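Chain residues, written in single-letter form:
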Amino acid sequence: MKGKSKKTNKNYKTDLENALIKKALGYDATEVVEEYSSDNEGEIKLLKKKITTKNVPPDMTALKFLLDESQKDLTQMTDQELFEEKVRLLNILKEIQNN
């Protein structure tokens, strides 16, 4: 049970990092607005459907946070911490390349 909780926390941390990267880089968001009405027989029918794509610009606060986080003092880290940081950064780069 303990190992499962740890994995969940790692996934949660990765999801947060990915969300922060997305916000820092900016992204496109699709919004769907649907308007319904009921006819004389009580059936609900779709009247209008509007799909818009909005560009969410990069967020400077998120970008600054990412840059500050990447400026860790590497001289104070153990070999294990350095390895984990390397893996983390490589995963971030891979995620950016995939998007």
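Residues numbered from 1 in each chain as written. Predicted model: local features only at pLDDT ≥ 70, side-chain atom pairs only at ≥ 80, totals over all residues. Heavy atoms only, no water.

## Re a nonpolar patch on the surface
Put simply, the rule is: Patch criteria: residues need more than 30% relative accessible area and no salt bridge. Like-charged residues are merged within 9 Å; nonpolar side chains of Val, Leu, Ile, Met, Phe, Trp and Tyr are merged within 5 Å. Per-residue and other accessible areas follow the Shrake-Rupley method at a 1.4 Å probe size, with only the shown protein chains counted as cover for residues. Salt bridges are defined as contacts in which a side-chain nitrogen from Lys or Arg sits within 4 Å of a carboxyl oxygen from Asp or Glu. In this description a helix means any DSSP run of H or I spanning at least four residues, a strand means any run of E spanning at least two, and both kinds are numbered starting from the N terminus.
A cluster of nonpolar side chains, Leu25, Leu90, Leu93 and Ile96, forms an exposed patch at the surface whose accessible area comes to about 370 Å². Tallying contributions element by element places helix 3 (residues 79-98) first for the nonpolar patch, with three residues. Secondary-structure assignment places Leu90 in helix 3.

## Thoughts on the layout of surface pockets
Think of a ball as big as a water molecule: rolled over the atoms, this probe shows where empty space is left. Note the cut-off: The pocket and cavity definitions rest on a 1 Å grid over protein atoms only: a 1.4 Å probe that fits but cannot leave marks a cavity, an open set with protein on both sides within 12 Å along at least five of seven lines marks a pocket, and residues lining either have an atom within 4 Å of a point. Grid points are joined across faces, edges and corners, and a volume is the space filled by probe spheres set on the points. Any residue outside Ala, Val, Leu, Ile, Met, Phe, Trp, Tyr, Cys, Pro, Asp, Glu, Lys and Arg is labelled polar, Gly included; the first ten of those are nonpolar and the last four are charged.
Of the voids in this model, the largest pocket is the one considered here, and its volume is about 560 Å³. Only helix 1 (2-25) and helix 3 provide two or more residues apiece to the lining of the largest pocket. Among the elements that make up the lining of the largest pocket, the one with the highest residue count is helix 3 (nine residues). Classifying every residue of the lining of the largest pocket by side-chain character gives four nonpolar, three polar and nine charged. In this structure, the second largest pocket spans a volume of roughly 460 Å³. As for the second largest pocket, its lining consists of 19 residues, of which Ile21, Leu66, Glu69, Arg88 and Ile92 are closest to the centre. Those elements giving two or more residues to the lining of the second largest pocket turn out to be helix 1, helix 2 (60-69) and helix 3.

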